[in-house]
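Summary of the model geometry
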Amino acid sequence: MTELDPVIHAQARLRVVASLSALNVGDKIAFPRLQELLGMTAGNLSVHLRKLEDAGYVEISKTHRGRTPATLVGLSRRGRLAFEEYTEAIRALLDPTQSKEQS
């Protein structure tokens, strides 16, 4: 049976990674905008981003826009690959005949 990535599989982290995967490669989104899109509290989102960052799946950069600090979040190359593998694993679980046909 296909193993699902436990870092991505948690519902909140799956939502984060799926949202970030919609960005173009190399693009980042401001933390408050991501928080708004996901409807998560800042603390909850921070905890999940930390877990994803520790796994190397997201890149977080802190900068300034004028005098205002800004935190930007993007999916790393490793994170994009992990999400692609995760979605392939989900598809294989949902339709086992599809993975046999591709083999």
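Residues numbered from 1 in each chain as written. Predicted model: local features only at pLDDT ≥ 70, side-chain atom pairs only at ≥ 80, totals over all residues. Heavy atoms only, no water.

1. Structural notes on the pattern of salt bridges
- Tallied over the full model, the rule gives 2 salt bridges.
- Ionic pairing is found between arginine 33 and glutamate 36, a salt bridge with its closest N-O pair at 3.1 Å. Highlighted residues: arginine 33 and glutamate 36, both in helix H3 (residues 31-38), separated by 3 residues, approximately one helical turn.
- Accessibility expressed as a relative area gives 39% for arginine 33, which makes it partly exposed.
- Here arginine 50 ties to glutamate 53 by a salt bridge, and the two come within 3.8 Å at their closest N and O atoms. Placement of both arginine 50 and glutamate 53 in helix H4 (residues 42-54) is noted, with a separation of 3 residues, approximately one turn of the helix. (Salt bridge = Lys/Arg side-chain N within 4 Å of Asp/Glu carboxyl O. Helix = DSSP H or I, 4+ residues; strand = E, 2+ residues; numbered from the N terminus. Buried < 20%, exposed > 50% of the residue type's maximum accessible area, 1.4 Å probe, protein only.)

2. Description of the sheet that holds strand S2 (residues 58-65)
- Strand order in the open sheet formed by 3 strands is S1-S3-S2, with antiparallel pairing between adjacent strands. Edge positions in the open sheet fall to strand S1 (29-30) and S2, since each of these has one partner strand only.
- In the sheet, S1 pairs with strand S3 (residues 68-75) via 2 bridges, with the strands oriented antiparallel. Across the sheet, isoleucine 29 pairs through a bridge with valine 73, a residue of S3.
- Sheet strands touched by helix H2 (residues 11-21): S1, S2 and S3. Its angle to S3, the strand with the most contacts, is close to 90°. (Pairing = 2+ DSSP bridges. Contact = heavy atoms within 4.5 Å. Axes fitted to C-alpha atoms, helices over the stretch in contact; angles between N-to-C directions.)

3. Some details on the pairing of S3
- Inspection of the sheet shows S2 paired to S3 by 8 bridges, in the antiparallel sense. Looking at S3, one finds that histidine 64 is bridged to proline 69.
- Counted between consecutive antiparallel strands, the loop separating S2 from S3 contains 2 residues, among which glycine 66 sits at a positive phi close to 70°.

4. Re the packing of H2 against helix H5 (residues 77-94)
- Following both chains from N to C, one finds H2 and H5 inclined at 110°, their axes separated by 10 Å at the closest point. One way to sum up the angle between H2 and H5 is to call them roughly perpendicular. As for the relative orientation of H2 and H5, their crossing is left-handed in sense. Across from Leu14, Val17, Ala18, Leu20 and Ser21 in H2, the residues of H5 making contact are Arg80, Phe83 and Tyr86.
- Tallied by class, residues from the contact of H2 with H5 come to 6 nonpolar, 1 polar and 1 charged. (Parallel < 35°, antiparallel > 145°, perpendicular 65-115°, else oblique. Left-handed = near helix turned anticlockwise from the far one by under 90°. Nonpolar A, V, L, I, M, F, W, Y, C, P; charged D, E, K, R; others polar.)

5. Structural notes on the confidence of the model for the protein chain
- For the protein chain, per-residue confidence averages 92 on the pLDDT scale, and 92% of positions sit at 70 or higher.
- Looking over the protein chain, one finds the lowest element-wise mean pLDDT in helix H6 (residues 96-102), namely 62, and the highest in H4, namely 98. (pLDDT = per-residue confidence, 0-100.)

6. Focus on H3
- For H3, every residue scored as buried is listed here: Phe31, Leu34 and Leu38. An end-on view of H3 places all buried positions within 65° of arc, on one side of the element. The exposed set on the far side of H3, more than 90 degrees from its buried face, consists of Pro32 and Glu36.
- Buried residues belonging to H3 abut H2, S1, H4 and S3. (Arc of directions from axis to C-beta.)

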